[in-house]
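Summary of structural features
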There are 2 protein chains.
Amino acid sequence: MEKATEELIKETAKDIFFKQGNLHATTQDIADAAGVNRSLLNYYFRSRDLLFEQVYNEAVQSKRSQLDEALDADLPFREKVERFIDVYLRDMRKYPFKEAFLISEINHKDFVLKNKKKSAKLISFLDEIAAEMKKGTIRTMDPMHFLVNLFSMLSYPIIMSPLYQQLFNLSHTRYENFIDERKDIILQSIFI
Amino acid sequence: MEKATEELIKETAKDIFFKQGNLHATTQDIADAAGVNRSLLNYYFRSRDLLFEQVYNEAVQSKRSQLDEALDADLPFREKVERFIDVYLRDMRKYPFKEAFLISEINHKDFVLKNKKKSAKLISFLDEIAAEMKKGTIRTMDPMHFLVNLFSMLSYPIIMSPLYQQLFNLSHTRYENFIDERKDIILQSIFI
DNA sequence: GGAGCGTTTAACAATTTTGTTAAGCGACAA
DNA sequence: TTGTCGCTTAACAAAATTGTTAAACGCTCC
């Protein structure tokens, strides 16, 4: 049991799902990309489903801690939002299709979501947003909408990049620049 | 060759992919949902791939004409944007995962996008956006960013609804209401 | 050199999915 | 009534995917 190889396989699976966005990849695809024998996948993970489960759980976990980390910082509101954007954008650039993978797994067959409560950090951040609205630096609305706007403007253009690259007829590198500009655009769009 | 049945099958496939978001559905799943024999799929579409191709092409086509229709109207800017939101939201509510399907197909294997030019209507709408910025009713930025912001705030919360329902711990109907509120929120967010 | 470990190879079995074919059924129309 | 048409049934073939197993290979470490 070589932990490094187990990791290699798992990371390769993540690359295929989250980076390339190939949500239909087979175990053979994964083994080939990892440069190992397909038997090894069964050796380490017993079955395809268990590998998927691990990848899924770690994706959820990473998104969760990403959020908590960003919201936990002891910073003024605007800096906190900037930090949030940085953290989020970095992960989206590394793994553009992570969220798409999550959704596709959730919608696949008899998948059941665990019914988690809102995290304490999230609730307190929603309060912070509300307070900021009273101060007048951002528009007044249900703080959930504020947060969803933020997530949307961050994630969507990256997830849908193949579509928008084509719609706007931009080269790959030109679209990369476009994404680079997002942080300022978003800040500009949410702060009054 | 009963056109109605062919349509039934195709529409059922769209329901499964675009409504339920089950991007891994098999031909058997589709046949069952349509209440027909699996042989009929081959009878009408020859193969699974050809069915997928039709569904894909019609999805692209519908998105395209949806956009053109909204942008083609001879209306003042704000009304045009409102109309755009209406058209778009209606389709997203009917087929929340249409875009997710498109992305998953595009990323799947050796898919190649046809290199289309920007549509004339799109270009003229980008000009309209720029003009509106000069008038000062919306913030100044690259019009593409304006448009992407709009798309993002419209689409993302719907595509990702399973995730955000859970994050905010909202019931299905409560999330429906949340989406209902999006139009005003978006207008509020993009107009100064 | 021999033992142990991680990995590969290879051969299969099992399962799932897709594609094909021919016969038959029921309704409706000529 | 006799066809024909749309569809089903059923039985298979073919292919793709997944899971299992045993033997062997190349290390490294003793």
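Relevant structure appears above.
Residues numbered from 1 in each chain as written. Chains lettered and ligands numbered in written order. Predicted model: local features only at pLDDT ≥ 70, side-chain atom pairs only at ≥ 80, totals over all residues. Heavy atoms only, no water.

Attention now goes to the protein's contact with DNA strand C. Taken together, 17 residues lie near DNA strand C, and M1, T5, N37 and Y44 of chain A together with R48 of chain B sit nearest. When atoms of DNA strand C within 4 Å of the protein are sorted by moiety, sugar and phosphate together comprise 60%. Take S39 of chain A: an N or O atom from its side chain is 3.3 Å from a base nitrogen of DNA strand C. At 2.4 Å, a side-chain N or O of R48 of chain B approaches a phosphate oxygen of DNA strand C. Elements with a minimum of two residues in the surface near DNA strand C: helix 3 (38–45) of chain A together with helix 3 (38–45) of chain B. By residue class, the composition of the surface near DNA strand C is four nonpolar, nine polar and four charged. (Near = heavy atom within 4 Å. Polar contact = N/O pair within 3.5 Å; in protein donor to acceptor, adjacent residues only side chain to side chain. Helix = DSSP H or I, 4+ residues; strand = E, 2+ residues; numbered from the N terminus. Nonpolar A, V, L, I, M, F, W, Y, C, P; charged D, E, K, R; others polar.)

Each pair of aromatic rings is reported with the distance of its centres and the angle of its planes. Residues and elements named next belong to chain A. Scanning all chains against the criterion turns up 32 aromatic pairs over all chains. On the numbers, 6.1 Å between centres and 70 degrees between planes, the contact of F77 with F191 is edge-to-face. A residue pair is termed long-range when its members are at least 10 positions apart, and F77 in helix 5 (residues 77–94) and F191 in the segment after helix 11 (182–190) qualify at 114 residues. Each member of the pair, F77 together with F191, is buried. (Phe/Tyr/Trp six-rings, centres within 6.5 Å; stacked < 30°, edge-to-face > 60°. Buried < 20%, exposed > 50% of the residue type's maximum accessible area, 1.4 Å probe, protein only.)

Below, the discussion takes up helix 7 (residues 120–135) of chain B. In an α-helix, one turn spans 3.6 residues; hence positions three or four apart end up facing the same way. Compared with an ideal rise of 1.5 Å per residue, which puts 16 residues at 22 Å, helix 7 of chain B spans 23 Å between its outermost C-alpha atoms and is within 8% of the ideal. Lining the buried residues of helix 7 of chain B we find helix 9 (161–167) of chain A together with helix 4 (48–72), helix 5 (77–94) and helix 8 (143–159) of chain B. Just downstream of helix 7 of chain B, G136 of chain B is the residue with a positive phi angle, here 90 degrees. (Expected span 1.5 Å × (residues − 1). Contact = heavy atoms within 4.5 Å.)

Right, let's talk about unusual backbone geometry for a bit. With a phi angle near 55 degrees, N169 of chain A is a residue other than glycine that sits in the positive phi range. By the element assignment, N169 of chain A lies in the loop between helix 9 and helix 10 (172–180). Positive phi, normally seen in glycine, also occurs at R46 of chain B, with a value near 70 degrees. Structurally, R46 of chain B can be placed in the loop between helix 3 and helix 4.

Residue and element names in this part refer to chain B. As a packed pair, helix 5 and helix 7 sit with axes 11 Å apart at the nearest point and diverge in direction by 130 degrees. Judged by the inter-axis angle, helix 5 sits oblique to helix 7. Both helix 5 and helix 7 take part in a crossing whose hand is left-handed. For the pair formed by helix 5 and helix 7, the contact residues are F77, K80 and V81 on the first element and F125, E128, I129 and E132 on the second. Grouping the amino acids of the contact of helix 5 with helix 7 by side-chain chemistry returns four nonpolar, no polar and three charged. (Axes fitted to C-alpha atoms, helices over the stretch in contact; angles between N-to-C directions. Parallel < 35°, antiparallel > 145°, perpendicular 65-115°, else oblique. Left-handed = near helix turned anticlockwise from the far one by under 90°.)

Turning next to the protein's contact with DNA strand D. Near DNA strand D lie 17 residues; those nearest to it are R48 of chain A together with M1, T5, N37 and Y44 of chain B. Taken together, the sugar and phosphate atoms account for 59% of what DNA strand D places within 4 Å of the protein. Between DNA strand D and R38 of chain A there is a distance of 2.7 Å, counted from a base oxygen to a side-chain nitrogen or oxygen. At the level of elements, helix 3 of chain A together with helix 3 of chain B are the ones that each hand at least two residues to the surface near DNA strand D. Here the residues of the surface near DNA strand D sort into four nonpolar, nine polar and four charged.

Residues and elements named next belong to chain B. Along helix 3, the residues that are buried comprise L41, Y44 and F45. The buried residues of helix 3 occupy one face: seen down the axis, they fall within an arc of 80 degrees. Of the surrounding secondary structure, the elements contacted by the buried residues of helix 3 are helix 1 (3–19), helix 2 (27–34) and helix 4. If you check the start of helix 3, you find a side-chain oxygen 3.0 Å away from the backbone N of S39, and it comes from N37. Two residues or fewer past helix 3, R46 is found with a positive phi of approximately 70 degrees. (Arc of directions from axis to C-beta.)

So yeah, pure geometry; function would need other evidence.
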